[in-house]
Amino acid sequence: MILANMHCAPGGQAAALDDTTINAHLASLNGWARVGNEIRKTYRFKNYHETMAFVNASAWVSHQQDHHPDMSVHFNRCVVAYSTHDAGGITLNDFICAAKIEALTK
């Protein structure tokens, strides 16, 4: 299963994943960690321009997938956190979008 090639399920149709599945998907994503009911990663950049380019590219991915992260934007870093509020936890949609965001930085 290649997460970055998948598409998110429409809103309300994604089910929360069990711990074993969450851990397996986390192992495939470099630098992502589980923090409570979300997965999170901090991306670091050289400057604000690079940070904003990443934020804008991430926003495009989010719009295409209709699945949006919480983001904390700083001068040279951006913290991205995914959780599916409708499902009350972490779903496959969160991992699909995290993988697509990862692909932006390759």
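Remember, predicted model here, so these are calculated numbers, not experimental data.

The rules behind these values
Residues numbered from 1 in each chain as written. Predicted model: local features only at pLDDT ≥ 70, side-chain atom pairs only at ≥ 80, totals over all residues. Heavy atoms only, no water. Patch = residues over 30% accessible without salt bridge, like charges linked within 9 Å, V, L, I, M, F, W, Y side chains within 5 Å. Areas by Shrake-Rupley, 256 points an atom, 1.4 Å probe, with all protein chains shown as cover. Salt bridge = Lys/Arg side-chain N within 4 Å of Asp/Glu carboxyl O. Helix = DSSP H or I, 4+ residues; strand = E, 2+ residues; numbered from the N terminus. Buried < 20%, exposed > 50% of the residue type's maximum accessible area, 1.4 Å probe, protein only. Pairing = 2+ DSSP bridges. Phe/Tyr/Trp six-rings, centres within 6.5 Å; stacked < 30°, edge-to-face > 60°. 1 Å grid on protein atoms, 1.4 Å probe; cavity = no way out; pocket = protein on both sides within 12 Å on 5 of 7 lines; lining within 4 Å. Points joined across faces, edges and corners; volume = space filled by probe spheres on them. Nonpolar A, V, L, I, M, F, W, Y, C, P; charged D, E, K, R; others polar.

Draft legend 1. Examining a nonpolar patch on the surface more closely. Taken together, the side chains of Tyr 48, Met 71, Val 73 and Phe 75 present a nonpolar region at the surface, about 370 Å² in accessible area. Mapped onto the fold, Val 73 is located in strand β3 (residues 70–73).

Draft legend 2. Focus on unusual backbone geometry. In this model, Asp 66 sits at a positive phi of 55°, which is unusual for a non-glycine residue. Structurally, Asp 66 is set in the loop between α2 (48–65) and β3. Relative accessible area serves as the criterion here: at 58%, Asp 66 is assigned to the exposed category.

Draft legend 3. Looking closely at the pairing of β3. Both β3 and strand β4 (residues 77–82) contribute to a ladder of four bridges, which runs antiparallel. Its bridge partner lying in β4, Ser 72 is registered against Val 79.

Draft legend 4. Spatial organisation of the packing of aromatic side chains. Under the definition given, this model contains five aromatic pairs. Relative to Phe 75, the ring of Tyr 48 has its centre 6.5 Å away and its plane inclined at 15°; by these criteria the two rings are stacked. Of the two residues, Tyr 48 sits in helix α2 while Phe 75 sits in the loop between β3 and β4, which places them 27 residues apart along the sequence.

Draft legend 5. Local environment of the layout of surface pockets. In this structure, the largest pocket occupies an estimated 190 Å³ of space. Forming the boundary of the largest pocket are 18 residues, of which His 67, Ser 83, Thr 84, His 85 and Asp 86 lie nearest the centre. The class makeup of the residues in the lining of the largest pocket is six nonpolar, nine polar and three charged.

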